[in-house]
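Descriptive analysis of the structure
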Amino acid sequence: MEVAALASGSSGNCFYVENNGKGILIDAGISSKQIVDRMHLLKKNPEKVRGIFITHEHSDHIRGADVFARHFRVPIFVTKKTAKAAKICSNVDLIKYIKNNETMEVGGMKVEAFSKSHKAADPVSYNVWNGKKVSIITDLGYGCENVISHISDSDFLFMESNHDEIRLERGPYPYFIKEWIKSDTGHLSNLQAALCVLEHGSPKLKHIVLSHLSKTNNTEKLAMETFDHLLKQRKDLNLKVSLSMREKPTSLFKL
Ligand SMILES: [Zn+2]
Ligand SMILES: [Zn+2]
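Residues numbered from 1 in each chain as written. Chains lettered and ligands numbered in written order. Predicted model: local features only at pLDDT ≥ 70, side-chain atom pairs only at ≥ 80, totals over all residues. Heavy atoms only, no water.

**As for the coordination of the zinc ion (ligand 1)**
- Those donors, D60 (OD), H61 (NE2), D139 (OD) and H212 (NE2), are the protein atoms that reach the zinc ion (ligand 1), and they lie 2.1 to 2.2 Å from it.
- Between the four donor atoms coordinating the zinc ion (ligand 1), the angles at the centre fall across 92 to 167°, so the site counts as irregular.
- One chain supplies every donor to the zinc ion (ligand 1), and in sequence these donors are spaced D-H-x77-D-x72-H.
- We classify D60 as buried; its relative accessible area is 8%. (Donors = N, O, S within 2.8 Å, 3.2 Å for Na, K, Ca; no water. Tetrahedral: all angles 85-135°; square planar, octahedral: opposite > 155°, others 65-115°. Buried < 20%, exposed > 50% of the residue type's maximum accessible area, 1.4 Å probe, protein only.)

Shown next, in the form of structure tokens:
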């Protein structure tokens, strides 16, 4: 399998997973043109995308889904509640309803949706596997049991590391937004994310890509330092940590 974050952050999230030349997108939160351009940068053909899997209805996860799906005639996999909340696509034939905690097979890959805690209609994260297992886990208020069980069984993790707690507290956001971000249905801080991996990552886990970093309340340096510092305590982990970005795709990672 090959994986990449085409974009991640509050300005848009889109992850690409490929198996034997067939791909899927997890979220499509940048424009369809940006998805196409960034796939071309990775020398990937958007015509090979077999499905778009939506995590929840926030615009940084769905912005390009409708246009990309209609242009390339690609189905959008989404829960009923999320589809309704998002008004996901004008062509109902392209919408494939999934259930939270359902596993599907698309492009020779197994794709599992599992629930997480976030302020949205029916938010899910995804595992994708074909031998090796990739988990894409962003937009969550805390590491619930579901999230923990998948972290402890993954080979490769895209993991939310949204904010630095002190920077959020002292930053410019209004009080009610700060309180939401910190809540159980908000976003995961650097510290919460690193603790999840420290406590539940298995030696099987080889690579984490820190994702959905806040432009205002985080820096790449703070996120990396938090992980480096905490994960030193796990001598049994041999883990690479890298970052996804808002403005350009990551490299293609092979596993
Ligand atoms: Zn988001
Ligand atoms: Zn969200």
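Having seen it, we continue.
**Looking at the sheet that holds strand β6 (residues 95–98)**
- The strand order across the open sheet formed by seven strands is β6-β5-β4-β3-β2-β1-β14, and the pairing between neighbours is mixed. Each edge of the open sheet is held by one strand with a lone partner, namely β6 and β14 (253–254).
- Two elements, strand β3 (residues 22–26) and strand β4 (residues 49–53), share three bridges in a ladder whose sense is parallel. Within β4, the residue paired with L25 across the bridge is I52.
- On top of the sheet, helix α1 (residues 32–41) reaches β1 (2–7), β2 (14–19), β3 and β4; it is set at about 135° to β1, its chief contact.
- In this fold helix α3 (residues 65–72) packs onto β3, β4 and β5 (76–79), with an angle of close to 155° to the strand it touches most, β4. (Pairing = 2+ DSSP bridges. Helix = DSSP H or I, 4+ residues; strand = E, 2+ residues; numbered from the N terminus. Contact = heavy atoms within 4.5 Å. Axes fitted to C-alpha atoms, helices over the stretch in contact; angles between N-to-C directions.)

**Notes on the side chain of N13**
- Inspection of the secondary structure puts N13 in the loop between β1 and β2.
- With a relative accessible area of 0%, N13 lands in the buried category.
- Reaching out from N13, the side chain makes a polar contact with the side chain of S8 at a distance of 2.8 Å.
- Here G9 takes part through its backbone oxygen, which lies 2.9 Å from a polar atom of the side chain of N13.
- If near-sequence neighbours (up to four positions away) are discounted, N13 is found in contact with A7, S8, D27, A28, G29, D60, H61 and H212. (Polar contact = N/O pair within 3.5 Å; in protein donor to acceptor, adjacent residues only side chain to side chain.)

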